[in-house]
Amino acid sequence: MSTPLSHIRNFSIVAHIDHGKSTLADRLIQSTNTVSDRDMKDQLLDAMDIERERGITIKANTVRIDYTAQDGEHYVLNLIDTPGHVDFAYEVSRSMRAVEGSLLVVDASQGVEAQTLANVYTAIEADHEIVPVLNKVDLPAAEPERVAEQIEDVIGIDASDACLISAKTGLGIPDVLEAIVNRLPPPHEGDPDAPLKAMLVDSWYDPYLGVVVLIRIMDGTLKKGDQIKMMQTGAKYGVDRLGVFRPAMEAKDELGPGEIGFLTASIKQVRDTRVGDTITHEKKGAETPLPGFKPSQPVVFCGLFPVDSSEFEDLRDAIEKLALNDASFSFEMETSAALGFGFRCGFLGLLHLEVVRDRIEREYNIDLITTAPSVIYHVFMKDGAMIELHNPADMPDPSKIDHIEEPRIKATILVPDDFLGDVLKLCQDRRGIQLDLTYAGTRAMVVYDLPLNEVVFDFYDRLKSVTKGYASFDYQMEGYREDSLVKMQILVNDEPVDALSTMVHRDRAEMRGRAMCEKLKDLIPRHMFKIPIQAAIGGKVIARETLSALRKDVTAKCYGGDATRKKKLLEKQKAGKKKMRQFGRVDIPQEAFISALKMDG
Amino acid sequence: MPLRNSWPAALGEDWRYGGFGLYVHWPFCEAKCPYCDFNSHVAAHVDQERWAKALAAEINRVGALTEGRVLNSVFFGGGTPSLMEPATVDTVLKAAQAAWPWANDIEISLEANPRSVEADRFRGFADAGVNRVSLGVQSLRDADLKRLGRLHDAREARAAFDTARAVFDRVSFDLIYARQDQSLTDWEAELTEAMQMAVDHLSLYQLTIEPGTAFWDRAQRGRLRGLPGEDLASDMYQVTQDVTAAHGFSAYEVSNHAKPRAESRHNLVYWRYGDYAGVGPGAHGRLSLEGRKYATVGWQAPGKWLAATEAGSGDENVEKVPPHEQGIEQILMGLRLLEGISVQRLQEVNAGAIDAGGLQELLDLGFVGMDGDRLIATETGRPVLNAVIEKLIAS
């Protein structure tokens, strides 16, 4: 039998990185004996190594907790742990739609951060009841009263009866469980006999089970063996397995309204499942799908090339395997004169890019050259056509271009007062337009309209460095706007290096060009001849450096005992050369492609 | 005699282009120098008689494999071979005389520290047969000698040098340049002084910070300051060429300068890629046996080598050097010489050793030149020889 709606509570946890979301989830699981102490490990829900390492959640995870409340009733609590990063904003919004309430976890010594804001607004949009939870109240620096006030000021929700906890020590956890039962609403409605409507919240690939689909039943009842249909894709499957997470999989024969669980149905690829899709029965199914579905759209593009060109097929294999489990990442083959065969890949954002790149390098052991990340430019031609430009190398003949538009974002940055000046300068340097500047206590909240192009590369790194890590940052896409944009080429030894081509604002081209040439001069090792390094727009050189020729590189002592050693050294040198790319007669180390674009200070 | 049926005769006899020498390694020092990455050990007591026997036994063993060859040279290296008792040297040389017929003009060199205690042994070494010494003077500046961890001062070195000249037919010495805080004019002045002392041979090494040395550790910790950058080091190298040339010394090898016919014949065996027997801890050898070339290396640790030798063989490892690698070694060693390498000889062992495109590029850039059959690194090519060789050798 399914649990009655009144005894179900579905919720998520909204928090900034490091504010204790995963630890709180661990405590809830532990204090309800959902997992035995013996099987408990930290950050139970973050399954991937990269998730654990970076302290971020990429995939939605879920756990069903049985809880006997102080009123003596047995409740089922379903926690969906959502990805917290801006790159996965759409996934977050879907997860939020699958639950009715949120715990807003805020570090009582740090206060509200930009990411918290973005996610809490998503929760408010999803009509959530929100229970504020102030974590780390045991720390000497904790200021629960001040932070509660800040929550009221900045977010506008009542924080007077916030739960005061320490997820680390377990303090206040029983209060949180009671608050979930008493202050969060049960699922609003749901008829067990209505046509099935289940929301596809997330999906991932399991090597033993195939694709596992996380679902929330809105209406109707889903049973093992049922024939189901995905309303967006039209695909049909038979349900092989049905169950819930505790957090390990536990089989169930049926899931009813309000319940959250999983199904497997011999689905081969994650690509075949769309987050936000509605699942219904093949026969006597629902007429209208759940609202709010939208396919995910990559916004950041870059080229991934194997360092060792003989690993191209391995790279293809790795990318295809990863794509099976990540529908939001797109790829197509790309050939570069300089880098050979590779893939142009699209990502939801920079974190997404880094995660995919790290996984290829780590899980598939392929060294990669990553070219400069680019956004999608809208290139309007004089003949009226509009071209979506994903790669500066594909830039059409400038004489035929009428104008170019670039994507802009609205960025929200929360920063302690002391660093405000640095943040404003950084945003100004990146062609930002200030939209708003307000204060919440000693923290400033600035809102900027920025070109996405200026943010995709190293903005976040620079922000962290100028604010010593105290700033938090979030953004949303704001549409396209025209600006004076040009393609800047880099010529090394008079040969254009397509992988180093970038789109820049005309007014900043000289500065960027100079900076890149200087960087490359340091990044490229001396050769046996001097090498001019130039930046050019069209045919016009706008910056130039010269890398002088190698002058001294000879072993001082080489006698009978050194032949073997020298030979090994030579082999090592040759192997090192293989890690470089040849442009004409110049070898460029792989790291140069990314390092050259970083702007320091 | 080894059978030569596995390879064409020309290949089996390739070593004859370079001759045949014997290297004897004496691994002990009184103190470890902070720049030295050679196999050297500081030992309180060395049983010289036992070591003499062991070295002689190894010579007998290798001699049996290479019977009938004419020995062109012997070199005592280290470590500090001038710490050997003359009797030890004598035992070793007697064994070498029993093992091979000696060339009439055999060169027998010994590396020596320029200290009075060791100079007292010079006469004994000469009596045992040593006819050339190479003195590790390293610097003529006391402050620099201290920084290099040397136990002698400049005055003592000069005195030892005078003793050596009186005792031996041939005397060479080493200097190290590109030292900490050394300026170009400092080095030019010091080298010019050295040229007044020099007889007909000098080894002039750029200070190199090698892994496994005290200097390396210091450099890693950022505590080794004042080393010249690439440009100054390059200028120092150039001054070295100019000053030695002005005194009639030819830079017959990257770091070795000599008057005509005063070249180190033993070292030429290495650079011309001949055969050499390596005897002693960590000593390397190259031996052509039955048409194949073998690389041998003795056990590094003195105690281990001694025990292994007494049990039959001091070699830790003996492996074949395939023709492909022989070609590479010929290039690595031979291009260090002013005379360069014979392309025809190279092609006999490895026709594909040289990358045609790389060669053409190097010829175009003027880093190498051809003189008849000989491929030679030019004056501009030699200071960047590592890069030249990397480009030249086919992958």
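Residues numbered from 1 in each chain as written. Chains lettered and ligands numbered in written order. Predicted model: local features only at pLDDT ≥ 70, side-chain atom pairs only at ≥ 80, totals over all residues. Heavy atoms only, no water.

## Description of the overall build of chain B
When helices and strands are counted, chain B shows 16 helices and 17 strands. Relative to its full complement of 395 residues, chain B shows a buried share of 58%. Within chain B, counting contacts between residues at least 6 apart in sequence, those at least 24 apart form 71% of the total. As displayed, chain B has an accessible area near 15,700 Å², and 49% of this comes from carbon and sulfur atoms. (Helix = DSSP H or I, 4+ residues; strand = E, 2+ residues; numbered from the N terminus. Buried < 20%, exposed > 50% of the residue type's maximum accessible area, 1.4 Å probe, protein only. Contact = heavy atoms within 4.5 Å. Areas by Shrake-Rupley, 256 points an atom, 1.4 Å probe, with all protein chains shown as cover.)

## What to know about the overall build of chain A
Counting secondary structure elements, chain A contains 14 helices and 33 strands. Burial analysis of chain A (601 residues in total) assigns 58% to the buried set. For chain A, contacts bridging at least 24 residues in sequence account for 69% of all contacts bridging at least 6. Carbon and sulfur atoms form 48% of the exposed surface of chain A, whose accessible area is close to 25,100 Å².

## Observations concerning the packing of aromatic side chains
Tallying each qualifying case throughout the model produces 21 aromatic pairs over all chains. A centroid spacing of 5.9 Å and a plane angle of 40° characterise the contact between A:Trp204 and A:Phe245, whose relative ring orientation is tilted. With A:Trp204 in strand 7 (residues 197-206) and A:Phe245 in strand 12 (residues 241-245), this pair connects stretches of sequence that are 41 residues apart. Residue classification places A:Trp204 among the buried residues on the basis of a relative accessible area of 17%. With centroids separated by 5.4 Å and ring planes inclined at 75°, the aromatic side chains of B:Phe20 and B:Trp100 adopt a geometry described as edge-to-face. With B:Phe20 in strand 1 (residues 20-26) and B:Trp100 in the loop between helix 3 (86-99) and strand 5 (102-112), this pair connects stretches of sequence that are 80 residues apart. (Phe/Tyr/Trp six-rings, centres within 6.5 Å; stacked < 30°, edge-to-face > 60°.)

## Regarding the sheet that holds strand 17 (residues 300-306) of chain A
All names here are of chain A. Ordered by their spatial adjacency, four strands build an open sheet running 18-19-17-20, and the pairing between neighbours is antiparallel. At either end of the open sheet lies a strand with only one pairing partner, and these are strand 18 (330-336) and strand 20 (368-370). Pairwise comparison of adjacent strand axes, ignoring direction, gives a mean angle of 30° for this sheet. As defined by bridge partners, strand 18 adjoins strand 19 (residues 340-347) across seven bridges and the pair is classed as antiparallel. Counted as the bridge partner of Ser-336 is Gly-340 from strand 19. (Pairing = 2+ DSSP bridges. Axes fitted to C-alpha atoms, helices over the stretch in contact; angles between N-to-C directions.)

## Quick notes on the interface of chain A and chain B
At the junction of the two partners, chain A supplies 26 residues and chain B supplies 47 residues. Summed over both partners, the interface of chain A with chain B buries about 3,500 Å², with 54% contributed by carbon and sulfur atoms. Summed over the shared surface of chain A and chain B, the result is eight salt bridges. Taken together, chain A and chain B are joined by 26 residue pairs in polar contact (both at pLDDT 80 or more). Classifying every residue of the side of chain A that touches chain B gives ten nonpolar, five polar and eleven charged. (Buried area = accessible area lost by both parts, 1.4 Å probe. Salt bridge = Lys/Arg side-chain N within 4 Å of Asp/Glu carboxyl O. Polar contact = N/O pair within 3.5 Å; in protein donor to acceptor, adjacent residues only side chain to side chain. Nonpolar A, V, L, I, M, F, W, Y, C, P; charged D, E, K, R; others polar.)

## Description of the environment of A:Asn61
Its location among the elements puts A:Asn61 in strand 2 (residues 61-68). Through-space distance from the C-alpha of A:Asn61 to that of A:Ile80 is 5.7 Å; in sequence the pair is 19 residues apart.

## Quick word on the packing of helix 3 (residues 89-97) of chain A against helix 4 (residues 114-125) of chain A
All names here are of chain A. Their axes nearest at 9 Å, the elements helix 3 and helix 4 cross at an angle of 40°. Regarding the angle of helix 3 to helix 4, the classification is oblique. Read as a crossing pair, helix 3 and helix 4 show a hand that is right-handed. Only Asn-119, Thr-122, Ala-123 and Glu-125 of helix 4 make contact with helix 3, whose side of the interface consists of Val-92, Ser-93, Met-96 and Arg-97. (Parallel < 35°, antiparallel > 145°, perpendicular 65-115°, else oblique. Left-handed = near helix turned anticlockwise from the far one by under 90°.)

## Some words on the sheet that holds strand 11 (residues 236-238) of chain A
All names here are of chain A. Taking strand neighbours across the sheet as the criterion, the eight strands line up as 11-10-16-7-8-15-12-13 in an open arrangement whose pairing is antiparallel. This sheet does not close on itself; its edge strands, each paired only once, are strand 11 and strand 13 (249-251). Sheet twist, expressed as the mean angle between neighbouring strand axes with direction ignored, is 40°. Two elements, strand 7 and strand 8 (residues 210-219), share nine bridges in a ladder whose sense is antiparallel. Counterpart to Lys-197 in the pairing with strand 8 is Asp-219.

## Side note on the pairing of strand 16 (residues 278-281) of chain A
All names here are of chain A. As judged from the two bridges shared by strand 7 and strand 16, these two strands associate in the antiparallel manner. When the sheet's bridge partners are listed, Ala-198 is paired in strand 16 with Ile-279. Two strands pair when backbone bridges link them, and strand 10 (residues 227-230) and strand 16 are joined in this way by three bridges, in the antiparallel orientation. Note that in strand 16 the partner of Lys-229 across the bridge is Thr-280.

## So, helix 13 (residues 563-578) of chain A
Residue and element names in this part refer to chain A. Helix length check: helix 13, at 16 residues, gives a terminal C-alpha distance of 23 Å against a target of 22 Å (1.5 Å per residue), a fit within 8%. Buried residues of helix 13: Ala-563, Thr-564, Lys-566, Lys-567, Leu-570 and Lys-574, and no others. Projected onto a plane normal to the axis of helix 13, the buried residues spread over an arc of 165° and lie on a single side. Exposed side of helix 13, more than 90 degrees from the buried face: Lys-568 and Lys-572 are the residues found there. (Expected span 1.5 Å × (residues − 1). Arc of directions from axis to C-beta.)

## Notes on the nonpolar core
Formed by 133 residues in total, the largest nonpolar core has its most connected members in B:Leu22, B:Phe76, B:Trp100, B:Phe168, B:Phe173 and B:Ile331. Excluding anything up to four places from it in sequence, B:Ile331 contacts B:Ile341, B:Leu346, B:Ala353, B:Ile354, B:Ile389, B:Leu392 and B:Ile393. Listed in part, the 51 residues of the second largest apolar core include A:Leu322, A:Tyr377, A:Phe419 and A:Cys427. (Core = buried A, V, L, I, M, F, W, Y, C linked by side-chain atoms within 4.5 Å.)

## Remarks on the pattern of salt bridges
Note on pairing: side chains with opposite charge can pair once their charged atoms come close. Residues and elements named next belong to chain A. Summed over all chains, the structure comprises 49 salt bridges over all chains. With its nearest N and O atoms 3.3 Å apart, the salt bridge here joins Arg-431 to Asp-483. Of this pair, Arg-431 sits in the loop between helix 9 (420-429) and strand 24 (433-440) while Asp-483 sits in strand 26 (residues 472-483); the two residues are 52 residues apart in sequence, bridging distant segments of the chain. Overall, the relative accessible area of 9% leaves Arg-431 in the buried class. Residue classification places Asp-483 among the partly exposed residues on the basis of a relative accessible area of 24%.

## Notes on a positive patch on the surface
All names here are of chain B. On the surface, Arg-218, Arg-221, Arg-223 and Arg-225 cluster together into a patch of positive charge. Here Arg-221 lies in the loop between helix 9 (214-220) and helix 10 (230-246). Here Arg-221 falls in the exposed class, since its relative accessible area comes to 55%. (Patch = residues over 30% accessible without salt bridge, like charges linked within 9 Å, V, L, I, M, F, W, Y side chains within 5 Å. Lys, Arg positive; Asp, Glu negative; His and termini not counted. Charge placed at Lys NZ, Arg CZ, Asp CG, Glu CD.)

## A closer look at helix 3 of chain B
Residues and elements named next belong to chain B. With 14 residues, helix 3 should cover 20 Å at 1.5 Å per step; its first-to-last C-alpha distance of 20 Å lies within 8% of that length. Of all the residues in helix 3, the buried ones are Thr-88, Val-89, Val-92, Leu-93, Ala-95, Ala-96 and Ala-99. Looking straight down helix 3, one finds that the buried residues subtend no more than 155° of arc, so they occupy a single side. Turned more than 90 degrees from where helix 3 packs its buried face, Ala-87, Lys-94 and Ala-98 sit exposed. On its buried face, helix 3 sits against strand 1, helix 2 (48-65), strand 4 (71-78), strand 5 and helix 5 (122-128).

## Focus: the confidence of the model for chain B
Chain-level statistics for chain B give a pLDDT mean of 93 and a share of 97% at 70 or above. In the predicted structure, residues 1-11 of chain B sits below a pLDDT of 50 and forms 14 contacts with residues beyond four places in sequence or in another chain. (pLDDT = per-residue confidence, 0-100.)

## Brief notes about the packing of helix 13 of chain A against helix 16 (residues 385-392) of chain B
Two elements in contact, helix 13 of chain A and helix 16 of chain B, have axes whose closest approach is 10 Å; the angle formed by their N-to-C orientations is 70°. Taken together, the axes of helix 13 of chain A and helix 16 of chain B lie roughly perpendicular to each other. Two secondary-structure elements touch here, helix 13 of chain A through A:Lys566, A:Leu570, A:Gln573, A:Lys574 and A:Lys577 and helix 16 of chain B through B:Asn386, B:Ile389 and B:Glu390. Residues of the contact of helix 13 of chain A with helix 16 of chain B, tallied by class, amount to two nonpolar, two polar and four charged.

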